[in-house]
Amino acid sequence: MNSIFILSFLFIMIASLLIDRKVLKHQKGSVKVTYGLITFVTFVLFISKYLHVPIPMPSRFFIHTVSPWFSHLMGT
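Residues numbered from 1 in each chain as written. Predicted model: local features only at pLDDT ≥ 70, side-chain atom pairs only at ≥ 80, totals over all residues. Heavy atoms only, no water.

## Quick word on the overall build of the chain
Alright, step 1. From N to C terminus, the chain includes 3 helices and 0 strands.
Alright, step 2. The secondary structure elements of the chain, listed N-terminal to C-terminal, are α-α-α.
Alright, step 3. For 76 residues, the compact-globule estimate of 2.2 N^0.38 gives 11 Å, and the chain exceeds it by more than 25% at 19 Å.
Alright, step 4. Buried positions account for 9% of the 76 residues belonging to the chain.
Alright, step 5. Looking at the chain as shown, the accessible area adds up to about 6800 Å², and 75% of this sits on carbon and sulfur atoms. (Helix = DSSP H or I, 4+ residues; strand = E, 2+ residues; numbered from the N terminus. Rg over C-alpha atoms; globule rule 2.2 N^0.38 Å. Buried < 20%, exposed > 50% of the residue type's maximum accessible area, 1.4 Å probe, protein only. Areas by Shrake-Rupley, 256 points an atom, 1.4 Å probe, with all protein chains shown as cover.)

This is the structure:
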């Protein structure tokens, strides 16, 4: 991801937070917690990408660990 995409997505997310703030006041606690967790995880991913910290991706685990094991299991 390049920095232009990350910054534009961050601005869209902040705008969405500002718009949804009024609606979230009338929601259940579980909806607020879920929304907060998703927002927190997204901000952590933005910060880690900005600081050039590698983010572990599930697809890498599948490609490097599960796929060779499955190929060996199938005998190919």
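## Notes on the side chain of serine 48
Alright, step 1. Its location among the elements puts serine 48 in helix H2 (residues 29–50).
Alright, step 2. A distance of 3.0 Å separates a polar atom in the side chain of serine 48 from the backbone oxygen of leucine 45.
Alright, step 3. Each residue touching serine 48, except ones within four places of it in the same chain, is listed here: Val53 and Ile55. (Polar contact = N/O pair within 3.5 Å; in protein donor to acceptor, adjacent residues only side chain to side chain. Contact = heavy atoms within 4.5 Å.)

## What to know about the side chain of threonine 39
Alright, step 1. Its location among the elements puts threonine 39 in helix H2.
Alright, step 2. If we skip the residues at most four places from it in the chain, threonine 39 touches Met13 and Leu17.

## Regarding the UniProt feature "transmembrane region" (unreviewed entry) in the chain
Alright, step 1. UniProt's feature table lists "transmembrane region" (unreviewed entry) at residues 33–51, given in the numbering used throughout.
Alright, step 2. Between the C-alpha atoms that bound residues 33–51 the distance is 27 Å, and the span itself is 95% helix and 0% strand. (UniProt positions renumbered as here; feature names shortened; annotations may be inferred.)

## Topic: the environment of leucine 24
Alright, step 1. One can find leucine 24 in helix H1 (residues 3–24).
Alright, step 2. Here the alpha-carbon distance between leucine 24 and proline 68, two residues 44 residues apart in the chain, equals 46 Å.
Alright, step 3. If near-sequence neighbours (up to four positions away) are discounted, leucine 24 is found in contact with Val31, Lys32 and Tyr35.

## Some words on a nonpolar patch on the surface
Alright, step 1. Where nonpolar side chains cluster on the molecular surface, the patch consists of Leu7, Phe11, Ile14 and Leu18 and spans about 400 Å² of accessible area.
Alright, step 2. When you line up the elements, phenylalanine 11 lands in helix H1. (Patch = residues over 30% accessible without salt bridge, like charges linked within 9 Å, V, L, I, M, F, W, Y side chains within 5 Å. Salt bridge = Lys/Arg side-chain N within 4 Å of Asp/Glu carboxyl O.)

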